[in-house]
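# Structure at a glance
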Amino acid sequence: LTHSIGVVPSMPQDDFYTKMRAGLSALLRQWRSLGQANTDQLALILAETARVAKLGTPDATPSGATLEQWSQDELGEMPLWAPRTAVFLLNQMPARPTPDSDAEACAWAYCWLRNRSFDSLQAAQEALPAHLKAPLKDALEAAWRDQQGLRLV
């Protein structure tokens, strides 16, 4: 199955989903580096925020060691509530963080679309915090196409 965005099947590293999965750990690393607490406290904040903001239902609060493991997981095997919640929290930080790589931008855009319901790509773009509109423009378009493609299946 190829996407309409011209992805060559022999180059899976260029596929949006592959980039997004690789970027999830970068989101967690950024949250950890900007968070003003130790890893156990940051893991607790992440889990509690996920529950309160209805971004996921962690079975148990992860330990700091688990958060550290997820932050190094380049395959994106952590539960999706963790990076979704990291995006939710990063978007509210006064430091106005932005993605550090294309893969992280893809993960950020994917989580942005999963965290809220948007009627159109334009609505999703307009709802972004101002400092993220330019850094996420291309990734959000790719995330939107990916999400719309999945709805057709």
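Residues numbered from 1 in each chain as written. Predicted model: local features only at pLDDT ≥ 70, side-chain atom pairs only at ≥ 80, totals over all residues. Heavy atoms only, no water.

## Topic: the pattern of salt bridges
- One pass over the structure, following the stated rule, counts four salt bridges.
- Residues Arg32 and Glu68 are paired through a salt bridge, measuring 2.5 Å at the closest nitrogen-oxygen approach. One end of the pair, Arg32, is in helix α1 (residues 16-34); the other, Glu68, is in helix α3 (residues 64-71), with 36 residues separating them in the sequence.
- The class for Arg32 is partly exposed, based on a relative accessible area of 21%. (Salt bridge = Lys/Arg side-chain N within 4 Å of Asp/Glu carboxyl O. Helix = DSSP H or I, 4+ residues; strand = E, 2+ residues; numbered from the N terminus. Buried < 20%, exposed > 50% of the residue type's maximum accessible area, 1.4 Å probe, protein only.)

## Regarding the packing of α1 against helix α2 (residues 39-52)
- Contact geometry for α1 and α2: axes closest at 10 Å, N-to-C directions at 120°. With respect to α2, the element α1 is oriented oblique. Crossing angle aside, the handedness with which α1 passes α2 is right-handed. Mapping the contact onto sequence places Leu28, Trp31 and Arg32 in α1 and Thr39, Leu42, Ile45 and Leu46 in α2.
- When grouped by side-chain class, the residues that make up the contact of α1 with α2 number five nonpolar, one polar and one charged. (Axes fitted to C-alpha atoms, helices over the stretch in contact; angles between N-to-C directions. Parallel < 35°, antiparallel > 145°, perpendicular 65-115°, else oblique. Left-handed = near helix turned anticlockwise from the far one by under 90°. Contact = heavy atoms within 4.5 Å. Nonpolar A, V, L, I, M, F, W, Y, C, P; charged D, E, K, R; others polar.)

## Considering the nonpolar core
- Residues Leu27, Leu28, Leu46 and Leu113 are the most contacted members of the largest nonpolar core, which totals 40 residues.
- Going through the elements one at a time, α1, α2, α3, α4 (81-90), α5 (102-115) and α8 (137-152) are the ones with two or more residues in this core.
- Among the elements that line this core, the one with the most residues is α5, at nine residues.
- The residues contacting Leu28, other than those within four sequence positions of it, are Leu46, Leu67, Trp70, Ser71, Met78, Ala82, Pro83 and Ala86. (Core = buried A, V, L, I, M, F, W, Y, C linked by side-chain atoms within 4.5 Å.)

## Regarding α1
- Taking 1.5 Å per residue, 19 residues should reach 27 Å; α1 reaches 26 Å between its end C-alpha atoms and fits that length.
- Along α1, the largest kink reaches about 30° and is centred on Gly23.
- In this structure Asp15 caps α1, since a side-chain oxygen of it lies 3.3 Å from the backbone nitrogen of Tyr17. (Expected span 1.5 Å × (residues − 1). Bend = angle between axes of the 7 residues up to and from the residue. Polar contact = N/O pair within 3.5 Å; in protein donor to acceptor, adjacent residues only side chain to side chain.)

## Concerning the environment of Leu80
- Here Leu80 is to be found in the loop between α3 and α4.
- Setting aside residues no more than four positions away along its own chain, Leu80 makes contact with Leu24, Tyr110 and Arg114.

## Some words on the packing of α1 against α5
- Between α1 and α5, the least distance of the axes is 6 Å, while the angle of their chain directions is 90°. Here α1 is positioned roughly perpendicular relative to α5, judged by the angle of their axes. Contacts between α1 and α5 pair Phe16, Lys19, Met20, Ala22, Gly23, Leu24, Ala26, Leu27 and Gln30 from the former with Asp102, Ala103, Glu104, Cys106, Ala107, Trp108, Tyr110 and Cys111 from the latter.
- Per-class residue counts for the contact of α1 with α5 are 12 nonpolar, two polar and three charged.

## What about the side chain of Asp73?
- Tracing the backbone shows Asp73 in the loop between α3 and α4.
- Of the polar contacts made by the side chain of Asp73, one reaches the backbone nitrogen of Glu77; its length is 2.5 Å.
- Aside from chain neighbours lying at most four places away, what touches Asp73 is Ser25 and Met78.

## Points about the environment of Thr66
- Along the chain, Thr66 turns up in helix α3.
- For Thr66, a relative accessible area of 24% gives the class partly exposed.
- Expressed as a C-alpha distance, the spacing of Thr66 and Asp40, which sit 26 residues apart in the sequence, is 9.0 Å.

## A closer look at the side chain of Ser25
- For Ser25, the location among the structural elements is in helix α1.
- Its relative accessible area of 0% is what places Ser25 among the buried residues.
- Every residue in contact with Ser25, bar those within four places of it in the chain, is listed here: Trp70, Ser71, Gln72, Asp73, Glu74 and Met78.

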